[in-house]
Amino acid sequence: MGGRSKDGVLIIGIGSPFGEDTLGWEAVDTLPSIPGVNTLTLDRPGAGLIEAMKEQHTVILVDAMDAGGPPGTVHVLSMDDLIHPDTTVSSHSLGVVGALALGKAMGVLPPTVHIIGIQMGSTPMPDEIRKSALAQIHQQIRDWIE
């Protein structure tokens, strides 16, 4: 499922083809179809994340992260959790946090942005932990949409 919708919800899986960084893509790709919801996967989008979110009402971002917790831990985050007043804003070498900070500074982010981080490990995650994390993410997305 792909595309854009000004009235519905856009879920963006962020990642890369390397190791556990595919978790954001996998979460979005395995999400059962939900009416009014479009999905998109992006490979290390940088400033392209701002463009992908443009003109949307609600965006849910799903990305692998390293917050130092046990692999498979699901982190439900807000913009305030990621962007602090001293967050450096530059268009060079933007990660997700930098892109969100830049979009916020430009005043172009959607009215509603939800963020889900999945704790990656240094080795491949056992299937049981991976499936549990994906189920938690899918449930959180359904909870937000309903």
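Our subject is the structure that appears above.
The following paragraphs examine the structure supplied in this document. (Residues numbered from 1 in each chain as written. Predicted model: local features only at pLDDT ≥ 70, side-chain atom pairs only at ≥ 80, totals over all residues. Heavy atoms only, no water.)

### Section: the pattern of salt bridges
And then number 1: This structure, assessed with the given rule, holds four salt bridges.
And then number 2: Linking Arg-130 and Glu-20 is a salt bridge whose minimum nitrogen-to-oxygen distance equals 3.5 Å. Placement of Arg-130 in helix 5 (residues 127-145) and of Glu-20 in the loop between strand 1 (9-15) and helix 1 (23-29) is noted, with a sequence separation of 110 residues between them. For the pair shown, Arg-130 and Glu-20 are each scored as buried.
And then number 3: A salt bridge links Glu-26 to Arg-130; the nearest nitrogen and oxygen atoms lie 2.7 Å apart. Of this pair, Glu-26 sits in helix 1 while Arg-130 sits in helix 5; the two residues are 104 residues apart in sequence, bridging distant segments of the chain.
And then number 4: Taking the relative accessible area as the measure of exposure, Glu-26 reaches 23% and is therefore partly exposed. (Salt bridge = Lys/Arg side-chain N within 4 Å of Asp/Glu carboxyl O. Helix = DSSP H or I, 4+ residues; strand = E, 2+ residues; numbered from the N terminus. Buried < 20%, exposed > 50% of the residue type's maximum accessible area, 1.4 Å probe, protein only.)

### Re the sheet that holds strand 2 (residues 37-43)
And then number 1: Overall, mixed pairing links the five strands, which are arranged 2-1-3-5-4 in an open sheet. With one partner strand each, in any of the chains shown, strand 2 and strand 4 (74-77) form the two edges of the open sheet. Pairwise comparison of adjacent strand axes, ignoring direction, gives a mean angle of 20° for this sheet.
And then number 2: When strand 3 (residues 58-65) meets strand 5 (residues 112-119), the two strands line up parallel, connected through eight bridges. Paired with Ala-64 across the bridge in strand 5 is Ile-118. (Pairing = 2+ DSSP bridges. Axes fitted to C-alpha atoms, helices over the stretch in contact; angles between N-to-C directions.)

### Let's talk about helix 5
Owing to its 3.6 residues per turn, the α-helix brings residues three or four apart onto one side.
And then number 1: The end-to-end C-alpha separation of helix 5 is 27 Å, in line with the 27 Å expected for 19 residues at 1.5 Å each.
And then number 2: All of the buried residues in helix 5 are Arg-130, Ala-133, Leu-134, Ile-137, His-138, Gln-140 and Ile-141. Each buried residue of helix 5 lies within a common arc of 160° when the element is viewed along its axis, so the set occupies one face. Turned more than 90 degrees from where helix 5 packs its buried face, Glu-128 and Lys-131 sit exposed.
And then number 3: Buried residues in helix 5 make contact with strand 1, helix 1, strand 3, strand 4 and strand 5. (Expected span 1.5 Å × (residues − 1). Arc of directions from axis to C-beta. Contact = heavy atoms within 4.5 Å.)

### As for the pairing of strand 1
And then number 1: The buried count for strand 1 comes to seven of seven residues, which makes it a mostly enclosed element.
And then number 2: Here strand 1 shows no split at all, with Val-9, Ile-11, Gly-13 and Gly-15 on one side and Leu-10, Ile-12 and Ile-14 on the other all buried.
And then number 3: For strand 1 and strand 2, the ladder comprises seven bridges, and the chain directions are parallel. Residue pairing in the sheet places Ile-11 in a bridge with Thr-39 of strand 2.
And then number 4: This β-α-β element, strand 1 to helix 1 to strand 2, shows right-handed connectivity.
And then number 5: In the sheet, strand 1 pairs with strand 3 via six bridges, with the strands oriented parallel. Residue pairing in the sheet places Val-9 in a bridge with Thr-58 of strand 3. (Right-handed = clockwise from strand over helix to strand, strands pointing away.)

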